[in-house]
Amino acid sequence: MKNIHRFNTISEFHKYSNLPKPEHPLISLVDYSQVNYPTTSDEIKWVQNFYSIGLKRNVNGKFNYGQQKYDFDEGVLAFVSPQQILTIEINQNVEVNASGWLLLIHPDFLWNTPLAKTIKNYDFFGYSVNEALFLSEKEEIIIVDILKNIQREYQSNIDKFSESIIIAQIELLLNYGERYYERQFITRKITNHQILIKLEETLNEYFNKENAINKGIPTVKQISETLNLSPNYLSSMLKVITGQSTQQHIHNKLIDKAKEKLSTTDLSVSEIAYELGFEHPASFSKLFKNKTNSSPIKFRQSFN
């Protein structure tokens, strides 16, 4: 396994990337064209102890986006939270002129502000790098303007308004991120339709008799891994497209299978619970009643 670099401070990342020292120790806007990772390897791994929001073009390498491949030949915005493992695959045989911006924010900069808590509510910090946000030219201009406003503020003489102004700009940036991700979920209909079909197939496979007995009830993490998506991204996409989270889709399929067995077989409620992956029949009965307002027994009686 390749060594994983660890950056506890923004200064350490600047040094590794052959950049000048940051002008502010806790927040920095980096011109991505100036980044120069000191490696001859085709892969770099690192963990950072700060947030990063990267707007990049022409990065050397390709990433999967859902079930499709995309080059970084358009503006791509990615959000990374502290302690995530980042992997960059580099094609040493190709020279490109990478460009863009990288905003680095140490958690200490957010200390004692409302954003310190609310930043955790933005699901896209839990998305994988391959689930980045693809921006239109107009959207990219808006994002770059906000990034430059942040830079101008920390480069100017710091006064009592500086921190609150920068925090407000960061919040604005994150809110635009939410807006644009929702637009992306809606506009990429073909890809999302393929994901929904695959989700249906995956749930059907999980709830066949052998799988459910041996594996138990599928988790959001298991379903997401099968679809090659991060749990946060899959749930966010499903909420926009269908109005329901991944967990709700799992429960819906489970209840559908339960209704099928209750209405077409003579299996006991306990046997049905076992076949659907429950360890305890009481847990199955409780979920069934919560979802249908009827107990399994009463539901079966309605067919007699």
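The coordinates are above.
**Student:** Provide a residue-level description of the overall build of the protein, including the pertinent values.
**Tutor:** In terms of helices and strands, the protein carries 12 helices and 10 strands. Of all 304 residues assigned to the protein, the portion counted as buried reaches 45%. A total accessible area of about 16500 Å² is found for the protein, and carbon and sulfur atoms account for 48% of it.

**Student:** Lay out the pairing of strand S3 (residues 43-48) with the relevant residues and their values.
**Tutor:** Counting buried positions along S3 yields 5 of 6 residues, so the element is predominantly enclosed. In this structure, strand S1 (residues 4-7) lies alongside S3, joined through 4 bridges in parallel fashion. Among the inter-strand pairings, Arg6 is bridged to a residue of S3, identified as Val47.

**Student:** Quick one: what's the story with unusual backbone geometry, residue by residue and with numbers?
**Tutor:** A positive phi angle is found at Asn18, which is not glycine, with a value near 60 degrees. Relative to the assigned elements, Asn18 resides in the loop between helix H1 (10-16) and strand S2 (27-31). Residue Asn18 is classed as partly exposed on the basis of its relative accessible area, which comes to 46%. A positive phi angle is found at Asn112, which is not glycine, with a value near 65 degrees. When you line up the elements, Asn112 lands in the loop between strand S9 (99-105) and helix H2 (115-118).

**Student:** Explain the packing of helix H4 (residues 162-187) against helix H8 (residues 231-242) residue by residue, including any values.
**Tutor:** Two numbers describe how H4 lies on H8: the axes approach to 9 Å, and their chain directions differ by 70 degrees. Judged by the inter-axis angle, H4 sits roughly perpendicular to H8. Between H4 and H8 the crossing geometry is right-handed. Each of Tyr181, Glu182, Gln184, Phe185 and Ile186 in H4 lies in contact with H8, whose residues at this interface are Tyr233, Ser236, Met237, Val240 and Ile241. In terms of residue class, the contact of H4 with H8 is made up of 7 nonpolar, 2 polar and 1 charged.

**Student:** For helix H3 (residues 137-155), give the residues involved together with the corresponding values.
**Tutor:** The end-to-end C-alpha distance of H3, which contains 19 residues, comes to 27 Å, matching closely the 27 Å that a straight helix rising 1.5 Å per residue would cover. All of the buried residues along H3 are Glu139, Glu140, Ile143, Val144, Ile146, Leu147, Ile150, Gln151, Glu153 and Tyr154.

**Student:** Provide a residue-level description of the nonpolar core, including the pertinent values.
**Tutor:** Ile170, Leu174 and Phe284 are the most contacted members of the largest nonpolar core, which totals 61 residues. Other than its neighbours up to four places away in sequence, Phe284 contacts Leu254, Ala258, Val269, Ile272, Ala273, Leu276, Phe278 and Pro296. Grouped together as the second largest cluster of nonpolar side chains are 17 residues, Phe7, Tyr16, Ile44 and Leu104 included.

Reading the values: rules and limits
Residues numbered from 1 in each chain as written. Predicted model: local features only at pLDDT ≥ 70, side-chain atom pairs only at ≥ 80, totals over all residues. Heavy atoms only, no water. Helix = DSSP H or I, 4+ residues; strand = E, 2+ residues; numbered from the N terminus. Buried < 20%, exposed > 50% of the residue type's maximum accessible area, 1.4 Å probe, protein only. Areas by Shrake-Rupley, 256 points an atom, 1.4 Å probe, with all protein chains shown as cover. Pairing = 2+ DSSP bridges. Axes fitted to C-alpha atoms, helices over the stretch in contact; angles between N-to-C directions. Parallel < 35°, antiparallel > 145°, perpendicular 65-115°, else oblique. Left-handed = near helix turned anticlockwise from the far one by under 90°. Contact = heavy atoms within 4.5 Å. Nonpolar A, V, L, I, M, F, W, Y, C, P; charged D, E, K, R; others polar. Expected span 1.5 Å × (residues − 1). Core = buried A, V, L, I, M, F, W, Y, C linked by side-chain atoms within 4.5 Å.

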